[in-house]
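Each chain, letter by letter, is given below.
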Amino acid sequence: MIKALVLNSGGVESATLLAHAKKDTDVGEIASLTFDYGQRNSQELTAAKTLAEYYRASYNLANLPLLTSESSLMGGKLDTYQNVDQYFSIFDAKEDITSSAHVPFRNGIFLAWAVHYAEVAGYDVVYAGPMGEWDYDGGYWGDYFPDCSPEFAGAFGAAVRIGTKNKVRLVTPFVWTQTKADVIKLGTKLGVPWELTFSCYSDNFIHCGECAPCLTRAYAFQKAEIADPTLYIKQPNVQRGNE
Ligand SMILES: [Zn+2]
């Protein structure tokens, strides 16, 4: 039996990872690890705790103040979009693009800290969410969030093996092949209670429906052809062809 540490941000991928670990008969004990890094919306911390309780995983919260406040996840301006086409159009920009939601090397820092925690506390495996995803054909997520790309996950996984003398393994089951819609299909099969998850970047208690993660979430449910149980302040417009 192995002990698994699941990175848990309270979102769709975290919930699916927890469900996946719970079903894995090789996994005997599950802990979850959540980071408070000064994000604007503390609701995701509440969602992460609720998910940990639901899956009977211990809830561990690490305070990790990051140095930037420019990102829309933190103190920076929150970009909102009228519809999903407007959001996706930024993926079409061919120039060097950086998302306003980018927090430099955030996922690298989270993973490094998680591996440190896993080795100290005796966890064999660190599960992390998809990190790389293609929200729609033609857009490459890694252009926006380079430390979320499949290439980064592969290289980091190798570094983890070397850096812990194979004591800890990094597992990123969705990173190479699965879109958010695929994750939602898998999570639905595993019985994930989507209503307990939270994705929004705004500072509302319920999903705003206009920020990038709200649109991505709603669009992924539509693509997966699964009813979206999320309560939005403004119902996201996820029909393509609005431009
Ligand atoms: Zn939102």
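Residues numbered from 1 in each chain as written. Predicted model: local features only at pLDDT ≥ 70, side-chain atom pairs only at ≥ 80, totals over all residues.

Colleague: Quick question: what am I supposed to make of unusual backbone geometry here?
Modeller: Phi at Lys-165 is positive, roughly 50 degrees, even though this residue is not glycine. Tracing the backbone shows Lys-165 in the loop between helix H6 (150-163) and strand E5 (169-171). We classify Lys-165 as exposed; it has 8 C-beta atoms within 10 Å. Positive phi, normally seen in glycine, also occurs at Glu-225, with a value near 55 degrees. Position of Glu-225 among the secondary structure elements: in the segment after helix H8 (212-224). (Helix = DSSP H or I, 4+ residues; strand = E, 2+ residues; numbered from the N terminus. Buried ≥ 20, exposed ≤ 12 C-beta atoms within 10 Å, placed from the backbone.)

Colleague: Help me understand the pairing of strand E2 (residues 27-36), please; the structure alone is not making it clear to me.
Modeller: Every other side chain in a regular strand lies on the same face of the sheet, so the side chains alternate between the two faces. Where strand E1 (residues 2-7) lies against E2, 6 bridges are found, and the strand directions are parallel. Directly across from Leu-5, in E2, lies its bridge partner Ala-31. Alignment of E2 against strand E3 (residues 58-63), held across 6 bridges, turns out to be parallel. Across the sheet, the residue bridging to Ala-31 is Ser-58, located in E3. (Pairing = 2+ DSSP bridges.)

Colleague: Please explain the sheet that holds E5 as it appears in this structure.
Modeller: Either a parallel or an antiparallel arrangement is found when strands of a sheet pair, and the pairing is made through backbone hydrogen bonds. Taken in spatial order, the 5 strands of this open sheet run E3-E2-E1-E4-E5, and their pairing is parallel. On the outer flanks of this sheet lie E3 and E5, each paired with one strand and no other. Taken over all neighbouring pairs, the strand axes of this sheet differ in orientation by 25 degrees on average, direction set aside. The sheet strands contacting helix H2 (residues 43-54) are E2 and E3, and the helix crosses E2 at an angle near 170 degrees. (Axes fitted to C-alpha atoms, helices over the stretch in contact; angles between N-to-C directions. Contact = placed C-beta atoms within 7 Å.)

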